[in-house]
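# Fold and geometry: a report
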Amino acid sequence: METLETKLATFEYAVTERNGNTLTVTVPSEHVYDMATWLCNSEGFDFLVDIVGMDYGDMLGVIYYLSQTKQPQYIAVLKTATADRENPELLSLHDLWDAASIYEREVYDFFGIVFINHPDMRRIFLRADWNGFPLRKDYDPNPELNPIPVRNQLLSQMEDVPSVTLSMGQEVESTHKLFEKDEYIVNFGPQHPAMHGVLHLRVSLDGEDIRKIDPNFGYIHRGIEKICESYTYPQILHLSDRLDYLSGTMNRHAVCLCCERALGIEAPPRAQYVRTIFDELTRIASHLLGWGCMCMDMGSITAFVYGMRDREKVLDIFEETAGGRMMVNHNVIGGLASDIHPNFQRRVKEFIPYMRKMLKEHHLLFTGNPIARGRMENIGFLAKDKAISLGVTGPSGRASGWHNDIRKIEPYAAYNKVDFEEVIRTGGETFDRYIIRLDEIEQSLRIIEQLIDNIPEGAFAEKTKAVIRLPEGDYFQCVENARGQFGVHITSRGDKNPYRVKFRSPCLTLVGALKDIASGLKVADLIMIGASLDYVIPCIDR
Amino acid sequence: MEERSIDMEVKNIRIPNMKYEDFNDNEYLEQYVDELQRNGVNVVLGRLSDFINWGRSNSVWPLTFATSCCGIEFMCVAAARTDFARFGWEVTRNSPRQADVIFVCGTIVHKMAPVLTRLYEQMAEPKYVIAVGSCAIGGGPFKSSYHVLKGVNEIIPVDVYVPGCPPRPDAILYGMMQLARKIKVQNFFKLPDQPDITEHPKDDAPHKTK
C-alpha cells in the first residue's frame, strides 16, 4: 500500500488519501480513464467491486471501488466529478472491467451521467419514457410527471440502443438495434416460474441454441436508495432486510457494521457471536431454498418440499429469539435488539445433527441422479478470470476457483475466532455451483458448532444515542451474504439522515454474467444456469 | 313454509298446467321432498349454486406469481409444514388462463403495473385477487418511493387483504379461507360484474377501474 501511495504521488493530478487498507484517489474527470487503466493493468486492481453515482449538489460524480485478487484486503477508491449538470459525461471503463458495463448503465439511469464509448446507454431499471433522474438531488418527485403506466414498454424502446462514441475528438451519438430483423426472440418473464422473481430476459434463439441474452430489470425497482436518504439510520436497517430477503440478516449486519465503524463503536462480544450464528443459520436457510428451487426447476418437486421442510427448522429458531421468521430484525446499530431466548442454544444444538443427517439425504436424493448430473455437468462454464472481471462473487465465483470470501479476507464479527474452510471448486460449471452450496451448508454448521457453546456473557448491545448521526465522510462495508459480496456505501454529511446510500448487489453481476455463460448453449440449460447462479431479483432492482 | 327459490334464471317457458310464477315458488318442491322422505326415499333439496360453489371453493388454482419477499412465504404455504393442499389450493398454475386466483405477493412498481394488469386480464372469470403483505395493500415500507404503487387496488380489484411484512404462512392460509368463504356465499349464476379494465385505451390516461 505504501509503494502504491508513493507511485501515486508522481501523478500530478491525483489527490491521495490513505485510511488503513483503503486508499482514496481523487482525479479530475478527464484523467479518470488513464488512472483506472493504470490501476487495472499495472497495479493489479482486477476486481471492480462497485460503482457509486453521486450528486454532490454542484457536481455530479462517480466513485469506483476497486480491489485486487492477490491482496483482496486492499481497496482503492477512485473518485471523480464533473461540474456539467446539463450534459454530464465520463469515459466508460467497460473495456477494463466487464462488470463496469452494467454498473455504468445503473449510474446513467439514476444520475444521467452518460458514459462515452459505452455500447449500451439504455436505462436499466426505469422505463425509457421516465422523466428525470431520480437520485439527483434536484429530481422532481411530482407523480404527475411519471404516472402509473397503462401499457407495457414498447419493443422499440427496449431494443433501440443509444450510445455515444468518441472518434477523432468528436462525440458521435448513434442508435443501433439490439436484434436483427429476422431474429427469433423469446421472452422469459417477467412472470415466469423459473425466473426466481420478476426478471425479464429477452433471448434470441437459433433453433434451440441461444445467440444473445438481453436482461431487462426494474420490474421490482422500489427506489430503496432514494427512500434511504429521507430515513434515519435505524430505519434504513428495515429496508436492507428487504433487498435480498433470503440473506436479510447478513444485509442488515452490513449496514450495522458500516454505521458502527463510522461511529467508532463495536458491538459487544455476545452480540458478535450471536450475529455470526444468525448469519450462518440464514446462509443455511438460503442455500436450502436455493437448492430446492434449483431442483424444482429441473422438475423435482420433492426436493423443493424437502428443502423447505429443513428451512422451517431454521425459521423456528429465529422466531423464538427474534419474533420474525424471514425478516428477523434482530441486528441493530450497536448490537442486538434483544437477548437470545433461553432455548436458543439447545435448539441450535439439536438442529446441527439433524441438518447433517438431512444433508446426506439430499445428496442421496438428488446429487447422484443421472438425469440431474446430465443436465449439470459440462454445462455453463465460467472461467476464473472472467468471473473476476464480471465481479461474480460468492459461491458462484468460488465455484470457478476465485477466493473471494469476505469472511476470510477481512473477518468481521466472530469469523476470526472460528476454524472453517472456504469451499473452492475449480470446475466453474453448473454442477460446481450446485454442489458448492451443499458444501457450504456443512461449513456453516461447523462455524455454528464452534460458537454455540461459547457465547460470552455480558451486554447484548452497546448504548447508542437516541438520534444517530454519522460523522461526515464516506463509509463502505462489505459482508459475505449467501450470494456474494454485499456492500453498503454511506455518504454522511453529519445529519441524522444519510446523504447517499448505495447497496452493492451481488446478484446484479450474477445476471450480468448470464450472457457470457449461456451464449451458444441450449435454452433449457439457461434455466439451470440461472438457478445455479441463484440470484434474487429484488436485490438487483433495489 | 318460507318461500325459497332456485337461482337458475328461467325465462319465457310455457307449460300449460303450470303458471310462470310457480317456477320461482318452490313450496311444492319442498312438499314433494317431505313426502318422498316420509316414504323412505333419500332426497336432498339444495341450490345448484351452493353445490357448484362447494366444489369451486375447495379447488382454487392460484397463479404462480410473486415479486418479492411475500413470495417466499407463499412458497412456505405450498411446502410441507402448512401445505395448502389440505384446502385444495395446491394446483399452482403457471399460465393465468388456467388460474382462478392471483396472490399479489410483493411490491408492485410502475414498470410492473401493466404486466400485472395483463395477467389479470388473461385470467378467466370468475377470478379473484388476494393482496398479500403491506406492499400490495398500500405500498408498505416503500410508500414514499417514486416508483411504487400505493396498493395494488389502484389497478386491479382486490378480494382479500392479508396484512404483514411478510405475512406468516398461517396468515396467508387464513386469507385463503376467507376467500373460500366469499366464494361459498356468492351466487354462481349471478356473479357480480367484473370491473371493466381496458388494457390499451386510446389515450394515455392513468388507470381507472369502473
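Residues numbered from 1 in each chain as written. Chains lettered and ligands numbered in written order. Predicted model: local features only at pLDDT ≥ 70, side-chain atom pairs only at ≥ 80, totals over all residues.

## Observations regarding the overall build of chain B
Tallying secondary structure elements over chain B gives six helices and four strands in all. Scanning chain B from its N terminus toward the C terminus, one meets helices and strands in the order α-α-β-α-β-α-β-α-β-α. Taking all 210 residues of chain B together, 37% fall into the buried category. Counted over contacts in chain B with a minimum sequence separation of 6, partners at least 24 positions apart contribute 76%. (Helix = DSSP H or I, 4+ residues; strand = E, 2+ residues; numbered from the N terminus. Buried ≥ 20, exposed ≤ 12 C-beta atoms within 10 Å, placed from the backbone. Contact = placed C-beta atoms within 7 Å.)

## Points about the environment of I527 of chain A
All names here are of chain A. Within the element layout of this structure, I527 appears in helix α17 (residues 523-533). What makes I527 buried here is the crowd of 20 C-beta atoms within 10 Å. In this structure, the C-alpha to C-alpha distance between I527 and R283, residues 244 residues apart in sequence, is 23 Å.

## Observations concerning the packing of helix α6 (residues 233-241) of chain A against helix α7 (residues 248-263) of chain A
All names here are of chain A. α7 packs onto α6 with a crossing angle of 155 degrees between their chain directions and a minimal axis gap of 8 Å. Put simply, α6 runs roughly antiparallel to α7. Both α6 and α7 take part in a crossing whose hand is right-handed. Residues Y233, I236, L237, S240 and D241 of α6 pack against G248, N251, R252, V255, C256 and C259 of α7. (Axes fitted to C-alpha atoms, helices over the stretch in contact; angles between N-to-C directions. Parallel < 35°, antiparallel > 145°, perpendicular 65-115°, else oblique. Left-handed = near helix turned anticlockwise from the far one by under 90°.)

## Description of helix α6 (residues 169-185) of chain B
Residue and element names in this part refer to chain B. For α6, with 17 residues, the first-to-last C-alpha span of 25 Å sits near the 24 Å given by 1.5 Å per residue. Within α6, the full set of buried residues consists of P169, I172, G175, M176, L179 and I183. All buried residues of α6 lie within an arc of 115 degrees about the axis, which places them on one face of the element. Opposite its buried face, α6 presents the exposed residues R181 and V185, each directed more than 90 degrees away. Here the buried face of α6 lies against α2 (48-57), α3 (70-78), β2 (101-105), β3 (128-132) and β4 (160-162). (Expected span 1.5 Å × (residues − 1). Arc of directions from axis to C-beta.)

## Some words on the confidence of the model for chain B
Reading predicted coordinates in detail is not appropriate for stretches of low pLDDT. Residues and elements named next belong to chain B. In this model, chain B carries a mean pLDDT of 80, and residues with pLDDT of at least 70 account for 80%. Counting interchain partners and residues more than four positions distant, the pLDDT-below-50 stretch residues 1-6 has ten contacts. A low-confidence stretch, residues 200-210 stays under pLDDT 50, and its non-local contacts, those more than four residues away or across chains, total 15 contacts. Scored as a complex, the prediction yields pTM 0.86 and ipTM 0.86. (pLDDT = per-residue confidence, 0-100.)

## A look at the domain arrangement of chain B
For chain B, the assigned domains read domain 1 (10-45) and domain 2 (59-174). Taking only C-alpha atoms into account, the centre of domain 1 of chain B sits 44 Å from that of domain 2 of chain B. (Domains from an automatic or database assignment.)

## What about the interface of chain A and chain B?
Facing the 37 residues of chain A at the interface are 41 residues of chain B. At the level of elements, α5 (224-229), α6 and α9 (301-322) of chain A are the ones that each hand at least two residues to the side of chain A that touches chain B. Of the residues assigned to the side of chain A that touches chain B, the class counts are 20 nonpolar, nine polar and eight charged. (Nonpolar A, V, L, I, M, F, W, Y, C, P; charged D, E, K, R; others polar.)

## What to know about α6 of chain A
Buried residues of α6 of chain A: Y233, I236, L237, L239, S240 and D241 of chain A, and no others. Its buried side turned inward, α6 of chain A meets α5, α7, β13 (331-332) and β17 (500-504) of chain A.

## Comments concerning the pairing of strand β3 (residues 47-55) of chain A
Residues and elements named next belong to chain A. Taking burial as the measure, the nine residues of β3 include nine buried ones, the bulk of the element. Relative to strand β4 (residues 60-67), β3 is paired through eight bridges, and the arrangement is antiparallel. Directly across from M54, in β4, lies its bridge partner G61. Hairpin geometry of β3 and β4 is characterised by an intervening segment of four residues between the two adjacent antiparallel strands and by a positive phi of about 100 degrees at G57. (Pairing = 2+ DSSP bridges.)

## Topic: unusual backbone geometry
In the segment running from E125 of chain B into P126 of chain B, the intervening peptide bond is cis, with an omega of -5 degrees. Omega for the bond connecting C165 of chain B with P166 of chain B falls within 30 degrees of zero, at -10 degrees, which places this linkage in the cis form. As for its position among the elements, P166 of chain B is in the loop between β4 and α6. For N378 of chain A, which is not glycine, the phi dihedral falls at a positive 60 degrees. With respect to the secondary-structure elements, N378 of chain A resides in the loop between α11 (370-376) and α12 (384-390). The exposure class of N378 of chain A is exposed, given the 11 C-beta atoms found within 10 Å. Of note in the backbone geometry, A413 of chain A takes a positive phi value of approximately 45 degrees without being a glycine. Assignment of secondary structure puts A413 of chain A in the loop between α14 (406-409) and α15 (430-452).

## Observations concerning the domain arrangement of chain A
Residues and elements named next belong to chain A. What the domain assignment lists for chain A is domain 1 (1-141) and domain 2 (224-454 + 469-539). Between the C-alpha centres of domain 1 and domain 2 the distance comes to 27 Å. Looking at the side of domain 1 that touches domain 2, the elements with two or more residues in it are β3 and α3 (99-111). Looking at the side of domain 1 that touches domain 2 residue by residue, the classes come out as twelve nonpolar, two polar and three charged.

## Observations regarding the sheet that holds strand β15 (residues 473-481) of chain A
All names here are of chain A. Sheet architecture is open: three strands sit in the order β15-β16-β17, paired in antiparallel fashion. The sheet terminates laterally at β15 and β17, the two strands that pair on one side only. The mean angle between the axes of side-by-side strands here comes to 10 degrees, regardless of whether they run parallel or antiparallel. Note: β15 against strand β16 (residues 484-492), nine bridges, orientation antiparallel. Note that in β16 the partner of F476 across the bridge is H489. Running over the sheet, α7 touches β15 and β16 and is turned about 150 degrees from β15.

## A word on the nonpolar core
Counting 219 residues, the largest nonpolar core has L66 and L78 of chain A together with I102, V104, I130 and V132 of chain B as the members making the most contacts within it. No other element matches the 15 residues that helix α8 (residues 269-297) of chain A contributes to this core. Apart from residues no more than four positions distant in its own chain, I102 of chain B is found in contact with L63, F65, L119, Y120, M123 and V129 of chain B. (Core = buried A, V, L, I, M, F, W, Y, C linked by C-beta atoms within 7 Å.)

## Quick word on the environment of Q68 of chain A
Looking at the element boundaries, Q68 of chain A is found in the loop between β4 and β5 (75-82). Apart from the residues lying within four places of it in its own chain, the contact partners of Q68 of chain A are G44, F45, D46, F47 and Y74 of chain A.

## Observations concerning the sheet that holds β4 of chain A
All names here are of chain A. Taken together, five strands build an open sheet; the order of strands is β1-β2-β5-β4-β3 and the sheet is mixed. Each edge of the open sheet is held by one strand with a lone partner, namely β1 (15-19) and β3. The sheet shows a mean angle of 20 degrees between the axes of neighbouring strands, direction not considered. Here strand β2 (residues 22-26) runs beside β5; their pairing, made up of five bridges, is parallel. Across the sheet, residue T24 finds its bridge partner in β5, namely V77. Its contacts with the sheet put helix α2 (residues 32-41) on β2, β4 and β5, and the angle it makes with β5 is roughly 170 degrees.

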